[in-house]
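Understanding the architecture of this molecule
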Amino acid sequence: EAGVTQSPTHLIKTRGQQVTLRCSPISGHTSVYWYQQALGLGLQFLLWYDEGEERNRGNFPPRFSGRQFPNYSSELNVNALELEDSALYLCASSLERGGGADTQYFGPGTRLTVL
Amino acid sequence: SQQGEEDPQALSIQEGENATMNCSYKTSINNLQWYRQNSGRGLVHLILIRSNEREKHSGRLRVTLDTSKKSSSLLITASRAADTASYFCATDPSVAGGTSYGKLTFGQGTILTVHP
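Notes on the structure follow. (Residues numbered from 1 in each chain as written. Chains lettered and ligands numbered in written order. Predicted model: local features only at pLDDT ≥ 70, side-chain atom pairs only at ≥ 80, totals over all residues. Heavy atoms only, no water.)

1. So, the overall build of chain A
- On a plain count of helices and strands, chain A comes out with zero helices and 11 strands.
- The secondary structure elements of chain A, listed N-terminal to C-terminal, are β-β-β-β-β-β-β-β-β-β-β.
- When its C-alpha atoms are laid out on the principal axes, chain A stretches across 40 × 30 × 25 Å.
- The buried share of chain A, reckoned over its 115 residues, is 52%.
- Taking contacts inside chain A between residues at least 6 apart in sequence as the whole, the part at least 24 apart equals 53%.
- Total accessible area on chain A is roughly 5,300 Å²; 49% of this is exposed by carbon and sulfur atoms.
- Computed over 9 positive and 11 negative side-chain charges, the inter-centroid distance for chain A is 8 Å. (Helix = DSSP H or I, 4+ residues; strand = E, 2+ residues; numbered from the N terminus. Buried < 20%, exposed > 50% of the residue type's maximum accessible area, 1.4 Å probe, protein only. Contact = heavy atoms within 4.5 Å. Areas by Shrake-Rupley, 256 points an atom, 1.4 Å probe, with all protein chains shown as cover. Lys, Arg positive; Asp, Glu negative; His and termini not counted. Charge placed at Lys NZ, Arg CZ, Asp CG, Glu CD.)

Right under this line is the structure:
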């Protein structure tokens, strides 16, 4: 069974540009989560999508947005890139059965560098 | 802000020795998960322990949870060079049986180095 996949693997952008990261969950998983892992800040929760709806959002500015498609894949968009957006962006998926988060399975990540 | 605090921040041992990592957290949780990360790549799920469980085993891994002390420990027995990685605990603050927040809150991690 294929795991969570993310594309691209690496990305280099300049300040002010926009970027789109993509994630495909494990087959059968309906929930997708996005996390940012920046140097010195650890892993920070960004967004949670389930059944096409945004269910929860971390403490990030509105220029971080995303969506989930009918096939449960997801995109993370970051507008007006800033230097501090340089980080590893991790996507995870799970079976969301309510009553608390189930095991989240992570993809390999997209390393974004903003120059 | 980080919910969990791992201790120690770094651990260096020889192959064959046991490695123990600790995690403390601040709020009530529904479950606690341990993950491994190799060289800044994706996270590998190791084990999930629910708030009503006290101990769980998986192969060479043993996890304990003490909700009264808001702490957990991960024990890796008979360590191998391949166990060299960063280890994170992650807590789910959702109320058991209640609405899920979906998010996991991670600690800063313990960097484990196992020397051959």
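2. Points about the sheet that holds strand β1 (residues 5–7) of chain A
All names here are of chain A.
- Pairing is antiparallel across the open sheet formed by four strands, whose spatial order is β1-β3-β8-β7. At either margin of the open sheet sits one strand with a lone partner, and together these are β1 and β7 (64–68). In this sheet, neighbouring strand axes are inclined to one another by 20° on average, regardless of whether the strands run parallel or antiparallel.
- Across five bridges, strand β3 (residues 19–24) lies against strand β8 (residues 74–78) in antiparallel orientation. Within β8, the position partnered with Arg22 by the bridge is Glu75. (Pairing = 2+ DSSP bridges. Axes fitted to C-alpha atoms, helices over the stretch in contact; angles between N-to-C directions.)

3. Description of unusual backbone geometry
All names here are of chain A.
- Omega for the peptide link from Ser7 to Pro8 comes to -10°, which places this bond in the cis form.
- Even without a glycine there, the phi angle at Tyr72 is positive, about 75°.
- Within the secondary structure layout, Tyr72 lies in the loop between β7 and β8.
- The backbone of Ala80 shows a phi angle near 45°, a positive value even though the residue is not glycine.
- With respect to the element layout, Ala80 can be found in the loop between β8 and β9 (87–94).

4. Side note on the sheet that holds strand β1 (residues 5–7) of chain B
Residue and element names in this part refer to chain B.
- One open sheet holds the five strands; their spatial order is β1-β3-β8-β7-β6, and the pairing between them is antiparallel. Since the sheet does not close on itself, it has two edges, and those belong to β1 and β6 (55–58), each with one partner. Averaged over all adjacent pairs, the angle separating strand axes in this sheet is 15°, with direction ignored.
- As defined by bridge partners, strand β3 (residues 19–24) adjoins strand β8 (residues 71–76) across six bridges and the pair is classed as antiparallel. Residue pairing in the sheet places Ser24 in a bridge with Ser71 of β8.

5. Let's talk about the state of the cysteines
- Taken as a whole, this structure holds two disulfides over all chains when the rule is applied.
- With a sulfur-sulfur separation of 1.8 Å, Cys23 of chain A is cross-linked through a disulfide to Cys91 of chain A. Its S-S torsion of about -65° marks the bond between Cys23 of chain A and Cys91 of chain A as left-handed, since a negative value means left-handed. Of this pair, Cys23 of chain A sits in strand β3 while Cys91 of chain A sits in strand β9, and the two are 68 residues apart along the sequence.
- Looking at Cys23 of chain A, the relative accessible area reads 1%, which means it is buried.
- You can call Cys91 of chain A buried: its relative accessible area is 0%.
- With its sulfur 2.0 Å from that of its partner, Cys23 of chain B forms a disulfide with Cys89 of chain B. In this structure, the disulfide formed by Cys23 of chain B and Cys89 of chain B twists by about 65° around the S-S bond and is classed as right-handed. (Disulfide = S-S within 2.5 Å.)

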